[in-house]
Amino acid sequence: MVLQELGGSISRAIQQMSNATIIDEKVLNECLNEITRALLQSDVQFKLVRDMQTNIKKIVNLDDLAAGHNKRRIIQQAIFNELCTILDPGKPSFIPKKGKPAVVMFVGLQGSGKTTTCTKYAYYHQKKGWKPALVCADTFRAGAFDQLKQNATKAKIPFYGSYTESDPVRIAAEGVETFKKENCDLIIVDTSGRHKQEAALFEEMRQVAVAAKPDLVIFVMDSSIGQAAFDQAQAFKQSVAVGAVIITKMDGHAKGGGALSAVAATKSPIIFIGTGEHMDEFEVFDVKPFVSRLLGMGDLSGFMDKIQEVVPMDQQPELLEKLSQGNFTLRIMYEQFQNILKMGPIGQVFSMLPGFSAELMPKGREKESQTKIKRYMTMMDSMTDEELDSMNPKLMNESRIRRIARGSGRQIIEVMEMLEEYKRLAKIWSKMKGLKIPKKGDMSALSRNMNAQHMSKVLPPQMLKQIGGMGGLQNLMKQMGNMGGSAKDMMGMFGGGDN
């Protein structure tokens, strides 16, 4: 994924600093130089990087820090805050309200993925209960209306456009008018792709904006644009009132640092990131969790949200009950595999866990892991209820294993491998025995009832070390308790550097 290389470099620089016996000026400078190099290599604008380095040095004055201060934590907090400042312009973007018509206009360079992003944006809001509609005001590119029509039809979203009308201003005005009459509360206008130097197209964009009267103008930017991002974003900002940014192609191998520059140029927040070609590969962008994942600190709030999304509320108490009993059957493993696949790309889910970075799950391996899970599930489909619900490892004798292999079309060795994986997971699951179950029995309350002892048994040693051992973990749990389960603000805690 874009920026994972940058995240890896920054994580390594912080890790090297953490491994130093004494944190002095030399160690701090080495760490900052490494981070500066990583940011510049990722195409972040030089001025932004220089300002960031200066600010961190101002905040972290090693001579003024009294003995007993945790210098590592203060430096890590400063780096976290500065990266958040680059990405957060400090002003929220316009948020459409259900039932009240809102017009959103999409602008961007040619080939940045505007038309696809329009549909993703509409689809996302449709799932949340809005009534979106799409207007194709792109008369410049051949096939633009066909593409929008195809995407909209697939997502069952109403659309408006014309094969004969060549005036985008008229199409935009008529489309917006039509959908307002149909009581659509989110009208999305797609415009022609522009290039910074094309003055005539910029003028046309201004005219479309006057005709459509958008409540929000979204600048769509390709993450692979590089150093040109700042100038291009600024050119758009000067022509229309850009109120938000969406970054696309975040699943590619581009450096993606230009995305950070675009925020600085437009002084507008990033609201979504596109992480793939499919309709649901579209994530809400939240600064703190994003920076936290970038620094390898994880995003537990996002992880819990994802779990809550895929495990229905009525099933949560039952799952937690099983967790507290420490009973782990093949059926539970099957259900958890189903949930993992529903959570989206494994690499993305992985990067939400503290101590892991997206780098740990290389692009090819991610697909491999997903295939392996599906393969295990196929084998479990060939099992009887008795085998799925049994906790007796001796039940799986040779003849049963042979029958499962034959029924699922797999090799005997593969079934054995799946059973080994089951034993490994059962061992982890058994360590959760005795966990205090929240009265409501929901996932969000679980984190507050887990004590550090439980967590230390379950966490991989590498993750425990990253959090700062048992002491860091106890601190972390204490903060989780104090926060009363405020999921979104939870990341401030990770930014606090209890790693």
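Figured I'd write up the structure that's included with this text. Worth saying up front: this structure is predicted, and the values here are computed from it rather than measured.

Let us now look at helix α2 (residues 25–41). Residues lying three or four places apart along an α-helix face the same way, a consequence of the helix completing one turn every 3.6 residues. Taking 1.5 Å of rise per residue, 17 residues should cover 24 Å, and α2 covers 24 Å from first to last C-alpha, within 8% of that figure. Directly beyond the C-terminal end of α2, a positive phi value near 70° is found at D43.

Before going further, it helps to examine the pairing of strand β2 (residues 132–137). Where a strand is regular, its side chains alternate between the two sheet faces. The element β2 is extensively covered by neighbouring structure, given that 6 of its 6 residues are classed as buried. Going residue by residue along β2, you find P132, L134 and C136 tucked away on one face and A133, V135 and A137 tucked away on the opposite face as well. Relative to strand β4 (residues 186–191), β2 runs parallel, the two being bridged by 6 bridges. Within β4, the residue paired with L134 across the bridge is I188. Pairing of β2 with strand β3 (residues 159–160) involves 2 bridges; the strand directions are parallel.

Turning our eyes to something else, we now look at the sheet that holds β2. Taken in spatial order, the 8 strands make up an open sheet running β3-β2-β4-β1-β5-β6-β7-β8, and their pairing is mixed. What marks the edges here is a single partner per strand, and that holds for β3 and β8 (282–284). Relative to the sheet, helix α8 (residues 199–212) contacts β1 (102–108) and β4, its axis offset from that of β1 by approximately 175°.

The next subject is the packing of aromatic side chains. One pass over the full model with this rule turns up 9 aromatic pairs. Arranged with centres 5.4 Å apart and planes meeting at 70°, the rings of F106 and Y121 form a pair that is edge-to-face. Here F106 is found in strand β1, whereas its partner Y121 is found in helix α5 (residues 114–127), with 15 residues between them in sequence. You'll find F106 and Y121 in the same group, each marked buried. Geometrically, the ring pair formed by F219 and F236 is tilted, given 4.9 Å between the ring centres and 35° between the ring planes. Linking F219 in strand β5 (residues 216–222) with F236 in helix α9 (residues 229–239), this pair joins segments that are 17 residues apart in sequence. F236 matches F219 in its accessibility class, with the two residues each being buried. Between K98 and the ring centre of W130, over which it is positioned, the NZ or CZ distance is 5.1 Å.

In terms of burial, β5 is a largely internal element, 7 of the 7 residues being buried. Here β1 pairs with β5 via 5 bridges, running parallel. Counterpart to V107 in the pairing with β5 is F219. In terms of strand pairing, β5 meets strand β6 (residues 242–248) through 6 bridges, oriented parallel. Paired with V217 across the two strands is V242, which belongs to β6.

The next subject is the nonpolar core. With 71 residues, the main nonpolar core has L39, I79 and V189 as its most contacted residues. The element that contributes the greatest number of residues to this core is helix α4 (residues 71–87), accounting for 8 residues. Beyond its immediate sequence surroundings of up to four residues, V189 is in contact with V103, V104, M105, F106, V135, A137, A172, V176, V208 and A212.

Right, let's talk about the packing of helix α7 (residues 168–181) against α8 for a bit. As a packed pair, α7 and α8 sit with axes 8 Å apart at the nearest point and diverge in direction by 20°. Taken as axis vectors, α7 and α8 run roughly parallel relative to one another. By crossing handedness, the relation of α7 to α8 is classed as right-handed. Contact residues: P168, V169, A172, A173 and V176 in α7; E204, Q207, V208, A211 and A212 in α8. Along the lines of polarity and charge, the residues of the contact of α7 with α8 split into 8 nonpolar, 1 polar and 1 charged.

One pass over the structure, following the stated rule, counts 17 salt bridges. The partner of E387 in a salt bridge is R400, and the shortest N-O contact between them spans 2.8 Å. Of the two residues, E387 is situated in helix α17 (residues 385–389) and R400 in helix α18 (residues 398–408); the sequence distance between them amounts to 13 residues. Exposure class is identical for E387 and R400. Each is buried. According to the relative accessible area criterion, E387 is buried, its value standing at 1%. What you see here is one network of salt bridges that share partners, running through E386, E387, R400 and R403.

What counts and how
Residues numbered from 1 in each chain as written. Predicted model: local features only at pLDDT ≥ 70, side-chain atom pairs only at ≥ 80, totals over all residues. Heavy atoms only, no water. Helix = DSSP H or I, 4+ residues; strand = E, 2+ residues; numbered from the N terminus. Expected span 1.5 Å × (residues − 1). Buried < 20%, exposed > 50% of the residue type's maximum accessible area, 1.4 Å probe, protein only. Pairing = 2+ DSSP bridges. Contact = heavy atoms within 4.5 Å. Axes fitted to C-alpha atoms, helices over the stretch in contact; angles between N-to-C directions. Phe/Tyr/Trp six-rings, centres within 6.5 Å; stacked < 30°, edge-to-face > 60°. Lys NZ or Arg CZ within 6 Å of the ring centre and 35° of its normal. Core = buried A, V, L, I, M, F, W, Y, C linked by side-chain atoms within 4.5 Å. Parallel < 35°, antiparallel > 145°, perpendicular 65-115°, else oblique. Left-handed = near helix turned anticlockwise from the far one by under 90°. Nonpolar A, V, L, I, M, F, W, Y, C, P; charged D, E, K, R; others polar. Salt bridge = Lys/Arg side-chain N within 4 Å of Asp/Glu carboxyl O.

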